[in-house]
Amino acid sequence: MQEAPGTMKRRWKAIWLLVLALKAFGLKEGDPVVSVGLRCLCLLPSWVMNCSWSAPDVNATYVLVYRSLRLHPDEIRNATGRPGQNWIAVARSNLTLGDDYSAWLEVLHAPGVEASEKLNFSLDDIGKPPAPELDPVAVSSSGAMVRWKNPSWSEELTHHSVVCQLRYKASKDAVWTQLEVDHVSQEGHELEDLEPFTWYEVEARCVLEDGQGFWSEWSSPQTFRTPEAAPLGQVDVWREVHHSENSGRTCHLLWKALDREAARGDILNYTVVFWDRHLPGPREVRVRTAQSLGLSVTWTFSPSPGGVQPEQFVVEWREEISGELLGWIPQPVESRSTLLRGGFRPKEPYLVSVYAAYAQGSSSSVPVRAYVQEG
């Protein structure tokens, strides 16, 4: 609800009377001291001093009081903040570079006046440069080159140079990797050891080269994606063999898509190589119900003397009536048993086969009919 014009006028009259009283008499020893989190910094390269404090009392008036400690110690200046505002800017024309200052807040309430603790500082020690601007990131197979500039910065006018930090992260991550000034090439820095085919974000911030003052804000981020790389690992592949009176024996090849970390890019196509070769396969395959767990499968294997050893066994299962392939599971070459879990319906016949998989091909056992529960 807005104040009536008369009430607002009386309030401002009371505030100005307090301000005049402060100018005339100032605060005295023993007056109340209040903690407001006063913080002053100089925005570079303009050297405008900005002093801010914690959330203000909307019913109070805040007056920033400051004075020179070396060049003009007897001259006290002040600036009054707007209602509800928690900062005051002091123009460069009211400050002297190289000078030391003391500053504090005087909080004017209707009952009286409180003052904050004093800040003593040199203007050279509270400089805050503007945030840099990042150029588009140049991505190559070896890394990502990050460059930045600060169009509003001039070392000739400020007599200061700046150094910068970088931080970067994969866009899906929450934690940044931060590179300190000592590990950042200030002409442009190349990020290395990045994951392929991954979106990244990078930001920069700067501080005066002598380390005095405040860090700038972080720059607006630049996003980029690293190049693709060769896939990792092997494709989990299997095949279906079909027998038909019309077309004879056919082979249907199947594989499982690689996950994003293993694919490391967009898989555009596959090359299939095949040939014929007679190889020994598993024998004496037995399938039993494993209570409520599924189907237990065992087999034996006798390699041919001096022959090629298989790399692994593969157990597949399918519905007998529809012929639909339900799944396959690889097993180490030392294994002679496995458990097929879940998804089996009672009174439904299934066919289970065991294959010996070689680098040159594979050889199958005779399919075995199995039920989890017969009808």
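Note that the structure is a prediction, hence the values are computed from the model and not measured.

*Asks:* Would you take a moment to explain the sheet that holds strand S16 (residues 189–191) for this structure?
*Replies:* Hydrogen bonds along the backbone pair up the strands of a sheet, which may run parallel or antiparallel. Sheet architecture is open: three strands sit in the order S11-S12-S16, paired in antiparallel fashion. Because the sheet does not close on itself, it has two edges, and the strands there are strand S11 (138–139) and S16. The pairing of S11 with strand S12 (residues 144–146) spans two bridges and is antiparallel. Pairing of Val139 across the sheet is with Ala144, part of S12.

*Asks:* I would appreciate a short explanation of a nonpolar patch on the surface in the present structure.
*Replies:* On the surface, Val235, Val237, Leu253, Trp255, Ile267, Tyr270, Val272 and Phe274 cluster together into a nonpolar patch covering about 720 Å² of accessible area. Among the structural elements, Val235 can be located in the loop between strand S18 (222–225) and strand S19 (237–244). For Val235, a relative accessible area of 33% corresponds to the partly exposed category.

*Asks:* Before we go on, may I ask you to explain the sheet that holds strand S9 (residues 127–128) in this structure?
*Replies:* Strand order in the open sheet made by the four strands is S5-S2-S1-S9, with mixed pairing throughout. Among the strands making up the open sheet, the edge pair consists of strand S5 (87–90) and S9. Summarising the sheet, strand S2 (residues 48–52) and S5 pair through four bridges and their orientation is antiparallel. When the sheet's bridge partners are listed, Cys51 is paired in S5 with Ile88.

*Asks:* Quick question: what am I supposed to make of the environment of Ser68 here?
*Replies:* With respect to the helices and strands, Ser68 occurs in strand S3 (residues 61–68). Polar side-chain contacts of Ser68 include one of 3.0 Å to the backbone nitrogen of Leu71. A polar contact of 2.5 Å, which involves the side chain of Ser68, links it to the side chain of Asp99.

*Asks:* What's the story with the packing of aromatic side chains in this structure? I'm lost.
*Replies:* For any two aromatic rings, the description comes down to two numbers: the centre-to-centre distance and the angle of the planes. For the coordinates displayed, the defined rule picks out seven aromatic pairs. Taking the centre distance of 5.3 Å and the plane angle of 25° together, the rings of Trp53 and Tyr62 count as stacked. In this pair, the class of Trp53 matches that of Tyr62, namely buried. Residues Trp238 and Tyr355 carry aromatic rings whose centres are separated by 4.3 Å and whose planes lie at 85° to one another, so their mutual orientation is edge-to-face. One end of the pair, Trp238, is in strand S19; the other, Tyr355, is in strand S26 (residues 350–358), with 117 residues separating them in the sequence. These aromatic residues form a ring-pair network of at least three members: Trp299, Phe301 and Phe313. Its guanidinium or amino end placed over the ring of Trp104, Lys118 lies 4.5 Å from that ring's centre, counting from NZ or CZ.

The rules behind the values
- Residues numbered from 1 in each chain as written.
- Predicted model: local features only at pLDDT ≥ 70, side-chain atom pairs only at ≥ 80, totals over all residues.
- Heavy atoms only, no water.
- Pairing = 2+ DSSP bridges.
- Helix = DSSP H or I, 4+ residues; strand = E, 2+ residues; numbered from the N terminus.
- Patch = residues over 30% accessible without salt bridge, like charges linked within 9 Å, V, L, I, M, F, W, Y side chains within 5 Å.
- Areas by Shrake-Rupley, 256 points an atom, 1.4 Å probe, with all protein chains shown as cover.
- Salt bridge = Lys/Arg side-chain N within 4 Å of Asp/Glu carboxyl O.
- Buried < 20%, exposed > 50% of the residue type's maximum accessible area, 1.4 Å probe, protein only.
- Polar contact = N/O pair within 3.5 Å; in protein donor to acceptor, adjacent residues only side chain to side chain.
- Phe/Tyr/Trp six-rings, centres within 6.5 Å; stacked < 30°, edge-to-face > 60°.
- Lys NZ or Arg CZ within 6 Å of the ring centre and 35° of its normal.

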